[in-house]
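# Understanding the architecture of this molecule
Each chain is listed here by its residues.
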Amino acid sequence: MSRGARIGIIGAGMGGVAAAGLLQRQGFDVVLYDQAPGFSRLGAGIQFGPNVLKILSHLDGLDKKLERISCLPDYWVSRKWDDGTVLAKIPLNAERARYGAPYITIHRGDLHQEMLNCVEPQRVMWDHKLVDFTDNGQTVRLEFENGKTDTVDILVAADGINSRIREKMFGAEEAVYTGWIAHRAIIPGVAAKALGADVNAKWWSDDRHIVCYYLDRNEDEFYLVTGEPAEWTSRAGQLPSSRAEFKAAFKGYHPMVQGYIDATETVTKWPLKTRAPLPAWYEGRVVLLGDSCHPMKPHMAQGAAMAVEDAAVLARCLGELGTSDLEKTFGTYFQARRERATKVQTISNANTWLRQPEDPYWCYGDDIYDLKLTS
Ligand SMILES: Cc1cc2nc3c(=O)[nH]c(=O)nc-3n(C[C@H](O)[C@H](O)[C@H](O)COP(=O)(O)OP(=O)(O)OC[C@H]3O[C@@H](n4cnc5c(N)ncnc54)[C@H](O)[C@@H]3O)c2cc1C
């Protein structure tokens, strides 16, 4: 197998798209499949740290494009839920030079679209739900729900927390509901400004929190996302909620937070699920990345970041170590990623990140292109 090896990636989320863009630039014959009928603009925000922006600079300067359209908070502020006391003020872009890249907050739809623009459109196959695959030691045969099949040299699983590929490799097991949900809503930036909003803040009480930030350079949209204990019995990945339900969950919180919630129109709620770390992320010609192998509660805002870091390290391993000895190439990838991804997963699940003053350099200052790849 050569640089021209055909690589099938299942899942066009942040991890799969990053992998496709990076592997395509290395000369691999990449095909990216997703079950969705097409791109859809999820109504939510996302934070991407300097550790990710350094990787996106390898996609034809995507980092610069994103910097032009996203919000660039100087600080992350942790506040006490009732009186707003500042618990921690952590430099983000205020220490950009030290981290080596900017920290952005942005609308997920805008970010995802810009990332997809970095993949040649003929390589993206929508409406392809993988239902089965067979690795015969030489190639991997893919079977899709729409009746189509394909044969690839390598299969990359970027199919998220309910990965069909992980299930076939390691056995079917439901993701674990953490007992927490996230409410999500976007309000007009002017409403947030009128209340004196911080550019990027997290308000903490003992058993819940609300994270609030702008989504764009002009501060036109302001995003609210929470973490809170709740019952969840539905099998749905999200459900409609309401301003009243949101408000009840944050009763007694500071008037600024009450004001944010009063400005909401459409409110959704999402169950937060996780899984225990896997013993391996590859087998034969099949390799996992992102939420398919290390899903986490989102409390470090690093889940998608870890998926993109995985994609970049995997692309480096395939490019630099080649495809003739996949045990070595995938083993090197796993060794390079396991400790960091598990550390982030553990801290994220514990929900302690930046509550108190701490230096986030180990996370944001990291550059996967400095890694020495050793098997
Ligand atoms: C409330 C909340 C807030 C978050 N905030 C942040 C944040 O600020 N920063 C951050 O870095 N992370 C954040 N995260 C985490 C982040 O969203 C996930 O970690 C990230 O989306 C995982 O990316 P992925 O590419 O691995 O999987 P996904 O984004 O889940 O993508 C998987 C893709 O695979 C497709 N797929 C699934 N099964 C199949 C199949 N059988 N065949 C074909 N296609 C299939 C799906 O349609 C989907 O497009 C947050 C998460 C939540 C819940």
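Residues numbered from 1 in each chain as written. Predicted model: local features only at pLDDT ≥ 70, side-chain atom pairs only at ≥ 80, totals over all residues. Heavy atoms only, no water.

## Brief notes about the site of the ligand
Taken together, 31 residues lie near the ligand, and G15, D34, R108, L130 and D291 sit nearest. Between the ligand and Q35 there is a distance of 3.1 Å, counted from a nitrogen atom to a backbone nitrogen or oxygen. Of all elements in the fold, only α1 (14–25), β3 (45–48), β12 (176–188) and α10 (303–321) reach the threshold of two or more residues within the shell around the ligand. Counting residues per element, the shell around the ligand draws most heavily on α10, at 4 residues. Among the residues making up the shell around the ligand, the classes are represented as 15 nonpolar, 10 polar and 6 charged. (Near = heavy atom within 4 Å. Polar contact = N/O pair within 3.5 Å; in protein donor to acceptor, adjacent residues only side chain to side chain. Helix = DSSP H or I, 4+ residues; strand = E, 2+ residues; numbered from the N terminus. Nonpolar A, V, L, I, M, F, W, Y, C, P; charged D, E, K, R; others polar.)

## Side note on the domain arrangement of the chain
Domain boundaries in the chain define domain 1 (6–174 + 275–370) and domain 2 (176–274). Computed from C-alpha coordinates alone, the two centres of domain 1 and domain 2 are separated by 24 Å. Domain 1 puts 45 residues into the contact, and the matching count from domain 2 is 34 residues. For the pair domain 1 and domain 2, the two sides together bury roughly 3000 Å², of which 54% comes from carbon and sulfur. With a closest N to O distance of 2.7 Å, R79 and D198 form a salt bridge. Where domain 1 touches domain 2, the interface holds 19 residue pairs in polar contact (both at pLDDT 80 or more). Looking at the side of domain 1 that touches domain 2, the elements that each hand over two or more residues are β3, α3 (62–69), β4 (75–80), β6 (104–107) and α11 (326–350). With 6 residues, β4 is the single largest residue contributor to the side of domain 1 that touches domain 2. The residue inventory of the side of domain 1 that touches domain 2, partitioned by class, reads 21 nonpolar, 13 polar and 11 charged. (Domains from an automatic or database assignment. Contact = heavy atoms within 4.5 Å. Buried area = accessible area lost by both parts, 1.4 Å probe. Salt bridge = Lys/Arg side-chain N within 4 Å of Asp/Glu carboxyl O.)

## Comments concerning the environment of I186
Mapped onto the elements, I186 comes out in strand β12. Take I186: its relative accessible area is 23%, and that puts it in the partly exposed class. Note: C-alpha distance between I186 and V225 (39 residues apart in sequence) is 8.9 Å. Aside from chain neighbours lying at most four places away, what touches I186 is G43, A44, H107, L215, E221, F222 and Y223. (Buried < 20%, exposed > 50% of the residue type's maximum accessible area, 1.4 Å probe, protein only.)

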